[in-house]
Each structure stands twice: as structure tokens, then as C-alpha cells.
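Spelled out, the chains give:
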Amino acid sequence: MYSSKVVCNLFSRPQGHIVLRSRPQVGDVIPRSSSFQTRGRAYFSRTSQSIFPASPLHISLRSKSQATSNIYSAPTLIRRTFTANSAPDNMALQSPMPEHSMHTSGARDSVWTHKQPYSSYPKFPSLSQDLETNICIIGAGISGISAAYELVRRGKDVTLIEARDVLSGETGRTSGHLTNDLDDGYLEIAKKHGDKGAKIAAESHAWARDRIGEIAKELQIDCEYRHLPAYDVSQFPVGDKKHDDELKELKEEAEYQHKLGIETRFDPNLTVKGWTGKIDQRGGLVADNQATFHPTKYLVGVLNWLKSQPNFKCYTRTRAMSISEKGLEILGLGHKRVEITTEEGHTIKAEYAIEATCVPLQKLSVITQLEYYRSYCIAIRVPKGSVEDCLLYDNAEEYKYVRLTACDEKDDYMVVGGCDHKVGQEDTLPRFEELEIWTRERFPQATTVDYKWSGQIFEPVDYMAFIGKNQGCDKIYIVTGDSGDGLTHGTLAGRLIADEIDGVANNWADLYNPKRVSSILKSLPSMISHDLQINAQYKRFLQNDIVDIEDLGRGCGGVLNPKTSKPMAVYKDDNGNVTKFSAICPHLKGVVCWNAAEKSFDCPVHGSRFSKEGVCVTGPAKANLSPADGPGKTEQGIAVGAA
């Protein structure tokens, strides 16, 4: 596949080292002791043959005695600084390569890459021409894939498009809980939607939880799907009056959930096997027959099945820039269709379109009825069998959530999440330390933290997702407002939208209707408060993160706000090279902030996010940040595969 020859040395290359004359592609096998050069950088592998980009080593020579080596680790980059005669003692996260932003929406990889690396995801071409289809779905996460599955099963011709790679959004960064024990609480849900609405929420999420198991069994997908109990406990220790108050609330919630048909009970003596730390938070709500799974294993399996179907097509790295209804249809006369225009200028014409994009592509739509949060996770090793296999939640506002997933023959990973905050409005890095401390205080058998990452939550003001026809539309459907339960909301969306397109009545549809009014009116005070708070974020037009680019450390970013020009988002890579982009979000012109945990620029207004190369990784923005210099343009081109 590659031509090779023996070279002398580039910083003590081993004798017999192979030089690859062309750059490998993702998924290619790299021979042992090999290297390639691209864009002035040299990469080589010291190990046995490997899958690119799993283990090439990047050397950038600083001096004759010192170099920095960057090691991909499935495939996050790790930095080691060392002298020629010494070995590194520790490692710290380094910036990933530009292409990484096409695989996922943050610099850090989630635990799901441990068993399902990006190189194992199904590959699809980019759209290279105009096309017509029955149904076009935008977004290849769990909502889009679930909708495609349900529609293809019903014989519809479906085209799925994705701006980056499949599963590159929030689905690949979830914690993998499947439950109808919804985190907002059914007593609160009933205040907005009544007892009938609360019962529908319980029934529909139970269906979605179980539907994933049915599909996994039908398609023979090995994805760790299993049933297990969920435990809700107080955030306060025994002996604290607040503990007693929260147990009273949990008892009331358990009794109400039981009336709705959920297998829920209250246990004042509830303990979790393996919770042996000094902090005692015993007692709480028990919801039986909940579930969990490995989300990307499941969805890769569904995609592989879809790929084999004649009525399914998928195009990745195909970014939708506009979507609209064309034509006129009145009382059954005339004909209305949907047209989607891509970044490359191609047009997709469809009878129906589904925006499964976390948040709709339109500037307004339902975005004023959503709040935008970052949530954090760690995967920490625990000896197999030392912790009960359950879903665990505490009762804090920014609550902790816990589950187990497979690691190796000796250990499981305990996935611990929480520490939520509004996008672009608080420090990000301290969250991981807080999660680790919380875990070790309760589970002292926990050993090393192997993965740290974060994801995005879109919180609807009335707790229920928006699934159905978009406001003012007849043939464009949306799925948004996951409320921290995006896996069940996304699965449920597949059925609700497929039923509506087929003309099948569904008793659950009204609860999730994006055009609903009553529950939104009940939420007006919180909507007004939220709008005031996010509008205050436009103050960033008057603020600087840095006064001079020299202020930036390597591997860091920030916003420079010169008095004579518009704000610039500046990033300095690990070699000191600087790239610049417009700091103005293309959506509604907020000024972005630097997210140190994920090395991204995040908009504090409506939650749009951009990689360090300015690539849009989370909407509602559709476009990338505009490059403000040549290096910025080059790096963005590399990231999207245009250079």
C-alpha cells in the first residue's frame, strides 16, 4: 500500500525505520516502526502495527536536547515533554489534531471510545450533487438514527445527512442512562402538564427504554443492554435536617410515581453495595426495571443494519445551511415540499425533513424555550463486583449520576457525572476534580480516572422535549429539548415522527408538540428570567479575556477585543503557533468564551460551540467561526478535510 525506504535519523529514529510517502487515512493500518510527514510535521509509530490515528507519535524538535512528543491515545492527544536521555514521568492533556473535531464535539474522548473507537464507526461519503428523496433527516445522533430506523422499517426512502461524522455530536458523549425515572420529577412535571401529561411521560419513556432493548435483540447488537434498579438518594448525610427533608420529598415522589404505573417504592434504609465511604446518605427512592447500555455500540449496530437497506442513504461531512418549505398546499390542492441547501451549494428536495440536530437550525424557533447546560463525566476504575450494578442519583440541583460499564477482565468503569452549569458562563476544569473527590469519598475502592469529558444538555422550560412539526411548518419536524434524557427522548422521537408522517394517531404526541401553549405559559416567569440572564451575556462585547496574545499559554485560547476592530477568538497551539477567528457567533452574534476543558469556543447566549479551529460542533449556529488570518483558514480547512 505504501512505498518505503530506510532513513537515517530524525531525533534518533531507529535503524530500518519505514517512511510512508502518503498520509494514512483514518482506519488505515500503520506498519511497525513507521512514519510519515505532512504539513511540516513528522509522525511515527514505535509500537507494533496500529490503526491510524490510534498510536502514531508526533515529534516536533525544539532543540538538540529537548523535544515534545504527542501520543494519540484512542485518539486523544497526550503531551510528554522530555529530554533526549530521559523518560517522561507524567502526562497532561494536549490539544487533539484538527480532524478530531469531525469525530466528536470536544477535545476529550468519552469512555465509549474504550470499546468502540471512532475508527470502527461506519463510513459514508459526502454529498456531491443535488438529490431528491422522500424523507431527509439532518443529524446522525440517536434521534436521527432512531427516526431513520423506524421510517426505513416502514418502507420509506430515507436520506440521512450529518455535518461531520456519524455520532460526532452529544450522543457519543452521554452517560448512557435509560430510565423513565425522569430527573425533573413527576410532581414537578404534573404542575406543568397535569396528571395525564405526567402519566404519558412515564409511559412513553418506558417504551423508549424498552424499545432500545428490543432493537438490540432483533439486530443482535452486543451493547451491554441490561435492566437494573435506579436509586435516588438525598444529597445530604444522615443526621442533617436537610437529609430528612429530602427523604420526605423522595417518599412523596415515589408514591406519586407508583400511582402513574412506574415500578417505584420508597426504602428508608436503602444502601448501595460498595458505598463504603464515611459519608452516609442512606434511604431513598427505588425505581425497578430501569436500563442502561453502551450507546455507541448500539447505534453503530443500527447504522450497520441501515447501511445494508436499499431504501437508506447517508452522507457525512455534509452541512445543512438552510431548510425551508417551498410551494403552496391548501385544502389538498397544490403541493408543498422541503428544500435543504448544503454548505457546498447542493440542494436536497424532500417530501418531509426532520431536524435531529439537538437544537433547530432556525434562528428563533423554540430556542427561547430552552436553556443550555454543560454536564461533566469521569470514568474511574473500580474492581469488578465491588459496586452494585445500578443507576444512582443524588437529589442536588446539579445532581450527580452514576452507572457502571465494562473496562477489562479485572475492573469496571464507574461513570460519574454532574456539576452542570450554563454554557460559557463558568469555569470548566474544576468540575472533574469535584466529581473525583465526590466519588472517592463514597467509593474508596475506586482507583484511576481514565476518561474525563463533558456534554451538552438542552433543557426545555416545561421539562418535555419538543418533538413534531416545527412552529409555522407543515413538513419540517424537529427534535430538541432532551432535558438530560436525550437517549429516551431521541428513541421516542423516531416513533412519534414516523407515526405522524404515516398519519397514525399517537396519544403521546400532544405532550411533545412543539406548538404547545399551556405548559409554556405556565413557564413564562422562568423564561423571562432566563432571557434576561442570557441577554446580559452580550456584555462580552466590552470584555477582554486577554490583553495581548503573549498572555496566552500554549494549548490555550481566549478572546481579544481590540478597540479598533471586532472581537477575535485566538488559539495558541502546543508549539506556540497562533490562529485567529471571529469571536462573534454566527447565530445571534454573541461573543464566544474559551472552554478550557474541551478546548472549544462556546457562546454563552444560546449554547453554540466551536472547536479550536472554529468548526461548529454544536448548534443552533450552522456556520463555522470565520477565520481572521491565514493560519486560521488553513487549520479550519484541515479540520473539515478541505486542505
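In short, a report on the structure.

Scoring rules and cut-offs
Sequence order sets the numbering: in each chain, residues are counted from 1 along the sequence as written. With the structure being a predicted model, the display of local features is reserved for residues of pLDDT at least 70 and the display and counting of side-chain atom pairs for 80 or more, all residues being used for whole-chain, interface and lining totals. The side-chain quantities take in all heavy atoms of the structure and omit both hydrogens and water. We call two strands paired when DSSP finds no fewer than two bridges between them. Strands here are runs of E lasting at least two residues and helices are runs of H or I lasting at least four, both read from the DSSP assignment and numbered beginning at the N terminus. Every angle, taken between N-to-C directions, lies between 0 and 180 degrees, and every axis is a line fitted to C-alpha atoms, over only the stretch in contact when it is a helix. The term salt bridge refers to a side-chain nitrogen of Lys or Arg lying within 4 Å of a carboxyl oxygen of Asp or Glu. Each residue is assigned to one of three classes by its accessible area relative to the maximum for its type, calculated with a 1.4 Å probe on protein chains only: buried under 20%, partly exposed between the two thresholds, exposed over 50%. The contact definition used throughout considers only heavy atoms, calling two residues in contact when any of these lie within 4.5 Å.

**Section: the sheet that holds strand β31 (residues 600–602)**
Sheet architecture is open: four strands sit in the order β30-β31-β32-β33, paired in antiparallel fashion. Whereas interior strands pair on both sides, the edge strands pair on one side only; in this sheet they are β30 (593–595) and β33 (616–618). For this sheet, the mean angle separating the axes of adjacent strands, direction not counted, is 35°. Bridge analysis of β30 against β31 gives three bridges, and the strand direction is antiparallel. Bridge pairing links Trp-594 to Phe-601 in β31.

**Examining the sheet that holds strand β28 (residues 568–572)**
On the basis of which strands lie adjacent, the open sheet formed by three strands has the order β27-β28-β29 and antiparallel pairing. Here the strands that pair on one side only, and so sit at the sheet edges, are β27 (556–560) and β29 (578–582). Looking at each pair of strands side by side, their axes are set apart by 20° on average, direction ignored. The sheet contact formed by β28 and β29 spans five bridges and is antiparallel. Opposite Met-568, over in β29, you have Ser-582 as the bridge partner.

**With respect to the pattern of salt bridges**
In this structure the tally under the stated criterion is 33 salt bridges. Glu-325 is paired through a salt bridge with Lys-336; the nearest N and O atoms lie 3.6 Å apart. Linking Glu-325 in strand β17 (residues 320–330) with Lys-336 in strand β18 (residues 333–342), this pair joins segments that are eleven residues apart in sequence. The residues Glu-325 and Lys-336 share a single accessibility class, namely buried. For Arg-381, the salt bridge identified is with Asp-408, shortest N-O distance 2.7 Å. Taken as a pair, Arg-381 in strand β20 (residues 370–383) and Asp-408 in the loop between β22 (401–406) and β23 (411–422) lie far apart in primary sequence, 27 residues in all. We classify Arg-381 as buried; its relative accessible area is 17%.

**Focus: the environment of Tyr-399**
By the secondary structure assignment, Tyr-399 is in the loop between β21 (391–394) and β22. Judged by relative accessible area, Tyr-399 falls into the buried class, the value being 16%. Taking the C-alpha atoms as reference points, Tyr-399 and Asp-420, separated by 21 residues in sequence, lie 7.9 Å from one another. Discounting residues that sit within four places of it in the chain, Tyr-399 has contacts with Asp-183, Tyr-393, Asp-394, Gly-417, Gly-418 and Cys-419.

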